[in-house]
Amino acid sequence: MKAYEIQSNAGIDALALVDRPQAKPAAGQVLIQVKATSLNYRDLLVIEGAYGAGQKYPLIPMSDGAGEVVAVGEGVTRVKIGDRVAGIFFQDWIYGSLTKEKMKSDLGGGIDGMLAEYVLLHQDALVILPDNLSYIEGATLPCAAVTAWHGLVTKGNIGAGDSVLLLGTGGVSIFALQFAKIHGARAIITSSSDQKLARAKQLGADETINYKTTPDWEKQVYQLTNRTGVDHVVEVGGAGTLPKSLQAVRIGGRISLIGVLSGRGNEIDPMPILFKSLTVQGIYVGSREIFEAMNQAMQQHQIKPIIDRVFPFNEAREAYHYLKSAAHFGKVVIRNS
């Protein structure tokens, strides 16, 4: 079978298309013909050697993929041949809290990921795709969608009338916009592009802010919420935007810290967290249990992922470069066939 490998930290252009033997499923395992995969910012960190020390090579990249079950091993009962499935981000995180051991099972990081024609996964590490989604749409769910749901719904308990601030228009933020709206929340979203903000408005965003023309966007958020602040911030920027998010959230509010798009390592003043009695929660994707709850809601509300562009399998490097350009709105997908 064909698969892509990261063989060093040399970057996107060193991504190698290789031949690998197609394994047969052992007891409890499932062979999946991958139909599509989708990219996350985390995939850029992995391919550029910035995801963490001790990365092992060669590595099949990418956590997010969907496909068809084509063979099952002995004892498999959760899925059957012909089922449409997606893998979960942490293969060992089925329910409960994340642990150090579970963290070692991250697809496309700690273990081989989904950017291949076929993958072997354990039956417990799969979810059935919602009936209303295609393989291309289903491939966008495991990281970005589960992260947004975990932060806003599972831990955030978002409800009707709540206000949410979303930073940017990448995968997590657009899923968070969709989830906020089905819960009756008011959504404020930022971007450097008026065109992207107009698209976000069409998806239900109540207020939009261009952070290039309005660099003090936290002050505008404060004014838009009657000088109170939002109930919840989906913080994907990291150290570069967190100080502003701390100002934009209300007393007693919540910040879901999800990404590091604007960098890390800057000194953060903890006093706003103390004085405003804030909850700042780190969200590192989620469990299979969270994924399945999200899928039920997506099917019930007929939510469709927002896909910016689909690349063929032989243009995987181009897909990575496109994601790195930050030109996308929503998700970037690689189609296998």
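Our subject is the structure listed above.
Computed from a prediction, not measured in an experiment: that's the story for all the values here.

Visitor: Mind showing me how you'd approach the overall build of the chain here?
Guide: Along its length, the chain carries 11 helices and 15 strands. Here the chain has a C-alpha radius of gyration of 20 Å; the compact-globule value for 337 residues is 20 Å, and the two agree. Each principal axis of the C-alpha atoms in the chain carries an extent, and together these give about 60 × 40 × 35 Å. The proportion of buried residues among the 337 residues of the chain is 53%. Here the chain displays about 14200 Å² of accessible surface, and carbon together with sulfur accounts for 50% of that area. Side-chain charges of the chain comprise 33 positive and 32 negative groups, with the mean position of each set lying 2 Å from the other.

Visitor: Just to check I follow, could you spell out the pairing of strand 9 (residues 186-191) for this structure?
Guide: Successive side chains on a regular strand alternate, one facing one side of the sheet and the next facing the other. Counting buried positions along strand 9 yields five of six residues, so the element is predominantly enclosed. The pairing of strand 8 (residues 163-167) with strand 9 spans five bridges and is classified as parallel. Residue Leu165 lies in a different strand from strand 9, and its bridge partner there is Ile188. The pairing of strand 9 with strand 10 (residues 207-210) spans four bridges and is parallel. Bridge pairing in strand 10 places Thr190 opposite Ile209. The parallel pair strand 9 and strand 10 is bridged by helix 6 (residues 194-202), and the resulting crossover is right-handed.

Visitor: I tried to follow the pattern of salt bridges on my own but got confused; where do I start?
Guide: Pairing of side chains with opposite charge becomes possible as their charged atoms draw close. One pass over the full model with this rule turns up 17 salt bridges. The salt bridge involving Glu137 is made with Lys304; its shortest N-O contact spans 3.2 Å. Of the two residues, Glu137 is situated in helix 3 (residues 135-138) and Lys304 in the loop between helix 10 (288-300) and strand 14 (307-312); the sequence distance between them amounts to 167 residues. We classify Lys304 as partly exposed; its relative accessible area is 37%.

Procedures and definitions
Residues numbered from 1 in each chain as written. Predicted model: local features only at pLDDT ≥ 70, side-chain atom pairs only at ≥ 80, totals over all residues. Heavy atoms only, no water. Helix = DSSP H or I, 4+ residues; strand = E, 2+ residues; numbered from the N terminus. Rg over C-alpha atoms; globule rule 2.2 N^0.38 Å. Buried < 20%, exposed > 50% of the residue type's maximum accessible area, 1.4 Å probe, protein only. Areas by Shrake-Rupley, 256 points an atom, 1.4 Å probe, with all protein chains shown as cover. Lys, Arg positive; Asp, Glu negative; His and termini not counted. Charge placed at Lys NZ, Arg CZ, Asp CG, Glu CD. Pairing = 2+ DSSP bridges. Right-handed = clockwise from strand over helix to strand, strands pointing away. Salt bridge = Lys/Arg side-chain N within 4 Å of Asp/Glu carboxyl O.

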